[in-house]
Amino acid sequence: MADTNKTATLSFDNKRIELPIYAGTAGPDVIDIRKLYAEGGVFTYDPGFTSTASCDSTITFIDGEEGVLLHRGYPIDQLAGKSHYLEVCYLLLYGDLPTAEQLEDFESRVTQHTMLHEQMQYFFRGFRRDAHPMAVMVGVVGAMSAFYHDSTDINDPWQREVASIRLIAKMPTIAAWAYKYSIGQPFVYPRNDLDYASNFLRMCFAVPAEEYEVNPILSRAMDRIFTLHADHEQNASTSTVRLASSSGANPFACIAAGIACLWGPAHGGANQACLEMLREIGTPDRIPEFIARAKDKNDPFRLMGFGHRVYKNFDPRATVMKQSADEVLDLLGIENNPTLQVAKELEKQALEDPYFADKKLFPNVDFYSGIILDAMGLPTSMFTPIFAIARTVGWISQWKEQLSDPQLKIGRPRQLYHGETTRDYIDVENR
Ligand code: ACO
């Protein structure tokens, strides 16, 4: 972060406080308010952190007005079109694109860690069969710290590295096993001759009774879904991971916290909620009714897959995802998919409606991802686990960056208190 030699002056109560302004390589400047409480005796108030930069980062940049998303400087559409998920993982984790040799080494390290400790099967078997796979993932990932003691010391760079590889490698196995358990089928072990996305598809769909051939079209589409969800700057789940990690918690506990946060329908749970909404709408003639509900202040209903805290023009991931949905359905020979018809018509009608235009509400990445996953034969309950697999590398990259930041402090926001002031305790018989 570069000092701009500019300051912001805050005046109140006969006090005048000079606050330094810093510039990044892109994006708005920031006002450093760290001395504000010490010098002014006041806090800032920013629920939802709409104007607060919580950290100094070099990983991902978003320009919400222009619809730009860069990972280490590379635009997301180039990465989605030309790269693949594990190469993007390397880029996010280590800062640069790998050489062919580095990529081979990284892929082989990830591939060799895809199996779970055999005893972890008992965790899965302890859950109810109808448990949501996200509930199972929160539990099993948290439990990894009980199995992989040799990679929980955050002060040891080697252990941090091993934990990172383990999490990226095992997450597809955990998600696929949560699915297999929910449908009463045997767990399928990972296979090291398959690429990351193909391996995940096989663990979801293969059964011991017959051979399973991975469809390369589906594997490519899954890889692109992983790539598009790999990281997204300081979103709610990433900030959760950083906050959990700021106390010195172990990596498995931190990532479990991120998964728990991701599950919410305002965040990663939106992909499941969006497809369920499109199905509920059912036919294009019912769209006006749902748009009217979304606009009604007295109705809590929102158009799922619409809107974003940061993107106020378009979500560049949604553009790629929409193309991908068209390609996958076309290649699979699925014509006139009713959900896709509803999605396209809903997008059109909403974008023409002044309510959505005025509030800058556009389809986000999750508006189209569910249609692809549905076409692959995955149930809606698996949509958010797939997001969690993909985002694991983002969480880990941000976690590693935070641990190497010399300014690291425990995250501890303050509050504006509106409760009772001191009052004396009254014995129960006198109340
Ligand atoms: N449908 C209808 N109205 C909406 C929607 C929507 N999807 N999203 C926002 N609005 C309206 C709000 O009612 C609010 O109106 P008001 O100003 O009249 O009160 C205004 O737009 C601003 O909305 P906020 O909730 O203040 O915006 P915020 O930035 O806090 O929320 C969020 C962003 C959570 C994504 C929101 O747009 C939403 O709930 N969308 C639906 C869920 C969704 O798709 N989430 C996925 C996000 S992307 C991801 O995690 C990968």
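Caption draft 1: Broad picture of the packing of aromatic side chains. In total, this model carries 21 aromatic pairs according to the counting rule given. Seen in terms of ring centroids, phenylalanine 124 and tryptophan 177 are 5.8 Å apart; in terms of plane orientation they differ by 65 degrees. Their pairing is edge-to-face. Pair noted here: phenylalanine 124 is in helix α5 (residues 121-126) and tryptophan 177 is in helix α7 (residues 157-182), with a separation of 53 residues, a long-range link. As far as the burial class goes, phenylalanine 124 and tryptophan 177 line up, both buried. Put simply, the rings of Phe306, Tyr355, Phe356, Phe367 and Tyr368 touch in pairs and so form one group of aromatic residues. For arginine 293, the ring lying beneath its charged end belongs to phenylalanine 301, and the centroid distance is 4.6 Å. The ring of tyrosine 37 carries the charged tip of arginine 414 above its face, separated from the ring centre by 5.7 Å.

Caption draft 2: Representation of the nonpolar core in the model. Within the largest apolar cluster, 112 residues are counted, with the highest numbers of intra-cluster contacts made by Phe200, Met222 and Phe226. At 13 residues, the largest contribution of residues to this core is made by α7. Dropping the residues within four chain positions of it, methionine 222 is found in contact with Ala197, Phe200, Leu201, Leu373, Met376, Leu378 and Ile386.

Caption draft 3: Seen up close, the site of the ligand. The environment of the ligand is formed by 21 residues, the closest being Arg302, Leu303, Gly305, Arg309 and Lys359. Lysine 297 places a polar side-chain atom, nitrogen or oxygen, 3.1 Å from an oxygen atom of the ligand. A distance of 2.9 Å is found between an oxygen atom of the ligand and a side-chain nitrogen or oxygen belonging to arginine 302. Protein chains shield 74% of the accessible area of the ligand, which is 930 Å² for the free molecule. Residue composition of the shell around the ligand, grouped by class: 11 nonpolar, 5 polar and 5 charged.

Caption draft 4: Looking closely at the pairing of strand β4 (residues 60-63). With burial as the criterion, only one face of β4 is covered, namely that bearing Thr60 and Ile62; the residues Phe61 and Asp63 on the opposite face remain uncovered. In terms of strand pairing, β4 meets strand β5 (residues 68-71) through 4 bridges, oriented antiparallel. Considered in β5, the bridge of phenylalanine 61 is made with leucine 70.

Caption draft 5: Structural context of the sheet that holds strand β1 (residues 2-12). Read from one edge to the other, the open sheet built from 3 strands follows the order β1-β2-β3, with strand pairing classed as antiparallel. At either margin of the open sheet sits one strand with a lone partner, and together these are β1 and β3 (30-31). Pairing analysis gives 9 bridges linking β1 to strand β2 (residues 15-23), with the strands arranged antiparallel. In the sheet register, threonine 7 faces β2, and the bridge partner there is proline 20.

Caption draft 6: Just helix α11 (residues 251-262), in detail. In a regular helix each residue adds 1.5 Å, so 12 residues correspond to 16 Å; α11 covers 16 Å between its end C-alpha atoms and thus fits that length. Residues of α11 that are buried include every one of Pro251, Phe252, Cys254, Ile255, Ala256, Gly258, Ile259 and Leu262, and no others. Contacts from the buried residues of α11 go to α6 (133-143), α7, α10 (236-245) and α18 (383-403). Capping of α11 at its N-terminal end is provided by asparagine 250; its side-chain oxygen lies 2.9 Å from the backbone amide nitrogen of phenylalanine 252.

Caption draft 7: Spatial organisation of the pairing of β2. Counted along the chain from β1 to the antiparallel partner β2, the turn is 2 residues long, and its residue aspartate 13 has a positive phi close to 45 degrees. With 2 bridges connecting them, β2 and β3 associate as antiparallel partners. Opposite tyrosine 22, over in β3, you have valine 30 as the bridge partner. Hairpin connection of β2 to β3: 6 residues between the antiparallel strands, including glycine 27 at a positive phi of 90 degrees.

Thresholds applied
- Residues numbered from 1 in each chain as written.
- Predicted model: local features only at pLDDT ≥ 70, side-chain atom pairs only at ≥ 80, totals over all residues.
- Heavy atoms only, no water.
- Phe/Tyr/Trp six-rings, centres within 6.5 Å; stacked < 30°, edge-to-face > 60°.
- Helix = DSSP H or I, 4+ residues; strand = E, 2+ residues; numbered from the N terminus.
- Buried < 20%, exposed > 50% of the residue type's maximum accessible area, 1.4 Å probe, protein only.
- Lys NZ or Arg CZ within 6 Å of the ring centre and 35° of its normal.
- Core = buried A, V, L, I, M, F, W, Y, C linked by side-chain atoms within 4.5 Å.
- Contact = heavy atoms within 4.5 Å.
- Near = heavy atom within 4 Å.
- Polar contact = N/O pair within 3.5 Å; in protein donor to acceptor, adjacent residues only side chain to side chain.
- Areas by Shrake-Rupley, 256 points an atom, 1.4 Å probe, with all protein chains shown as cover.
- Nonpolar A, V, L, I, M, F, W, Y, C, P; charged D, E, K, R; others polar.
- Pairing = 2+ DSSP bridges.
- Expected span 1.5 Å × (residues − 1).

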